[in-house]
Amino acid sequence: MSTARYILVSLPSRIFDDDPLSSLSSTIGRDNGEILPFSVPSFKIGTLDALVQHADDLAKLNTGCEAVVSKVSESLQAILDGDEEKAAQQKVVADKSTDRYVTSFQWNTVRYRSDRALGDIIEILQKELQNTDNDVKSKFTQYNAVKTNLAALQRRQTGNLSTKSLTPIVQPSLLVQDSEYLETHLIVVPTNSRKEFLKSYETLAPMVVPRSSIQVAQDDEFTLFAVTTFKKTSAEFLHKCREHKWTPRQYKYVEGGKEEEQRELDRVAKEEASVRGGALRVARTGWSESVMIWAHVMTLRVFVETVLRYGLPLEFVCVLVKTTEKQAKKVKTALDSAYSYLGGNAMGRDKRGRVTKDDASLTSEMAAAGLGGGEGNEYTPYVYYEFGFP
């Protein structure tokens, strides 16, 4: 299934003799995308210098929106264990699917009054995006910490003998306890080294109690032995075990330890489920908020660049083209072919009639118009923004 791509296009009304939507549909081709009207409010314009600054601020904010939307999408998938279908079901914006929200977009006049200065609206959007990012990041960090803790506890219950908890495995009767001179060591030995261990453990260090080795447990990879030594040579015995790649396990019997471990596992599992639910709610809200903010930022970008490119009086047509990744290039090519003349000296055609760019003229015209194009944005002779959602 092809990922949807959306293209916002703004063109001066004066270039159309007939209905703009019909003209654009003919230009783009109905097979290449669906053309929908896109409403842009009449904002306060302000000075040219302010507009140039707004264009730069909005380009940066747009990059921030894209990053936050991407991070929220990744968080949703992580919370839902990588299930893309379930994650897609959570991607709802203002009680609509993301696609429905974008294709039927209307400026939110309650949150962002269009009679406010553009700089004020941009500042509000910046703060809201930062708050959304912080909320999702904070909750996801909390969830990851609890999830990691639960995984560690579960590994202690289900891992192999080199890592799992010994509390439910080792009986207190196997251990020498409260002795002034002796102590018991628990050694994990790879199963293929079992015979070697039994043959040599008594001579690894002085004062190992003969025939004290007891097999405590065995799994597919390892065997756990209990061995008793005198305390004064314990360090040497353990060192020799490590040299042979036999792993000493630290363990001290605590009465009721098995039950306590299970209670801790149950508590953390319950906490993980609760935090997971909270993280999912915050991520779902984060998706809705970040997509809404991005849509409003894109609308402002269209308005600001339309004023900078086409001047006053402000008479323009804005459409949203819903297409696919594959067809987006065809849409761009068709638009360039039809409207390259709007670029003036910056755009031309080669001998075969293909649209080309005069980079020298392009640079000077963009500078004169106050259009930097933004980092990574290719110049077009008309207002053009392409975007999509993860």
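First, a word on scope: everything that follows refers to the structure included in this document.

How each quantity is defined
Residues numbered from 1 in each chain as written. Predicted model: local features only at pLDDT ≥ 70, side-chain atom pairs only at ≥ 80, totals over all residues. Heavy atoms only, no water. Core = buried A, V, L, I, M, F, W, Y, C linked by side-chain atoms within 4.5 Å. Buried < 20%, exposed > 50% of the residue type's maximum accessible area, 1.4 Å probe, protein only. Helix = DSSP H or I, 4+ residues; strand = E, 2+ residues; numbered from the N terminus. Contact = heavy atoms within 4.5 Å. Pairing = 2+ DSSP bridges. Axes fitted to C-alpha atoms, helices over the stretch in contact; angles between N-to-C directions. Arc of directions from axis to C-beta.

1. A few points about the nonpolar core
Thinking step 1. Residues Leu-8, Leu-300, Leu-335, Phe-387 and Phe-389 are the most contacted members of the largest nonpolar core, which totals 73 residues.
Thinking step 2. The leading source of residues in this core is helix α8 (residues 257-310), at 19 residues.
Thinking step 3. In this structure, Phe-389 is in contact with Thr-3, Tyr-6, Val-69, Thr-98, Val-102, Trp-287, Val-291 and Trp-294, ignoring residues within four places of it in sequence.
Thinking step 4. Leu-204, Phe-225, Val-227 and Phe-237 belong to the second-largest nonpolar core, a separate cluster that totals 13 residues.

2. A few points about the sheet that holds strand β8 (residues 247-249)
Thinking step 1. Read from one edge of the open sheet, 4 strands run β6-β7-β5-β8, paired in antiparallel fashion. Taken across any chain shown, the strands that pair with only one partner, and hence form the sheet edges, are β6 (214-218) and β8. Pairwise comparison of adjacent strand axes, ignoring direction, gives a mean angle of 35 degrees for this sheet.
Thinking step 2. Along the sheet, helix α7 (residues 234-243) makes contact with β5 (182-190), β7 (222-230) and β8, crossing β5 at roughly 0 degrees.

3. Brief notes about the pairing of strand β1 (residues 4-12)
Thinking step 1. The element β1 is extensively covered by neighbouring structure, given that 7 of its 9 residues are classed as buried.
Thinking step 2. Here 9 bridges tie β1 to strand β9 (residues 316-324), and the two strands are oriented antiparallel to one another. When the sheet's bridge partners are listed, Pro-12 is paired in β9 with Phe-316.

4. A look at the environment of Thr-27
Thinking step 1. Of note, Thr-27 is situated in helix α1 (residues 20-28).
Thinking step 2. What makes Thr-27 partly exposed here is its relative accessible area of 26%.
Thinking step 3. With residues up to four places along the chain from it excluded, the contact list for Thr-27 reads Ala-334, Ala-338 and Tyr-339.

5. A word on the sheet that holds β1
Thinking step 1. On the basis of which strands lie adjacent, the open sheet formed by 4 strands has the order β2-β9-β1-β12 and antiparallel pairing. The sheet terminates laterally at β2 (34-37) and β12 (383-388), the two strands that pair on one side only. Sheet twist, expressed as the average angle between the axes of neighbouring strands with direction ignored, equals 20 degrees.
Thinking step 2. Two elements, β2 and β9, share 4 bridges in a ladder whose sense is antiparallel. Residue pairing for β9: Pro-37 is matched across the bridge by Val-319.
Thinking step 3. Along the sheet face, α1 touches β1, β2 and β9 and points at about 160 degrees away from the line of β2.

6. A closer look at α1
Thinking step 1. Considered for burial, the residues of α1 that qualify are Leu-24, Ser-25 and Ile-28. The buried residues of α1 occupy an angular sector of 105 degrees when the element is viewed end-on, so they sit on one face.
Thinking step 2. In this structure, the buried residues of α1 make contact with β1, β2, β9 and α9 (325-339).
Thinking step 3. In the segment just after α1, Gly-29 is the residue with positive phi, at about 95 degrees.

7. Some thoughts on unusual backbone geometry
Thinking step 1. Omega for the peptide link from Leu-312 to Pro-313 comes to 0 degrees, which places this bond in the cis form.
Thinking step 2. Within the element layout of this structure, Pro-313 appears in the loop between α8 and β9.
Thinking step 3. Phi at Ala-94 takes a positive value of approximately 50 degrees, unusual for a residue other than glycine.
Thinking step 4. When you line up the elements, Ala-94 lands in the loop between β3 (92-93) and β4 (96-97).

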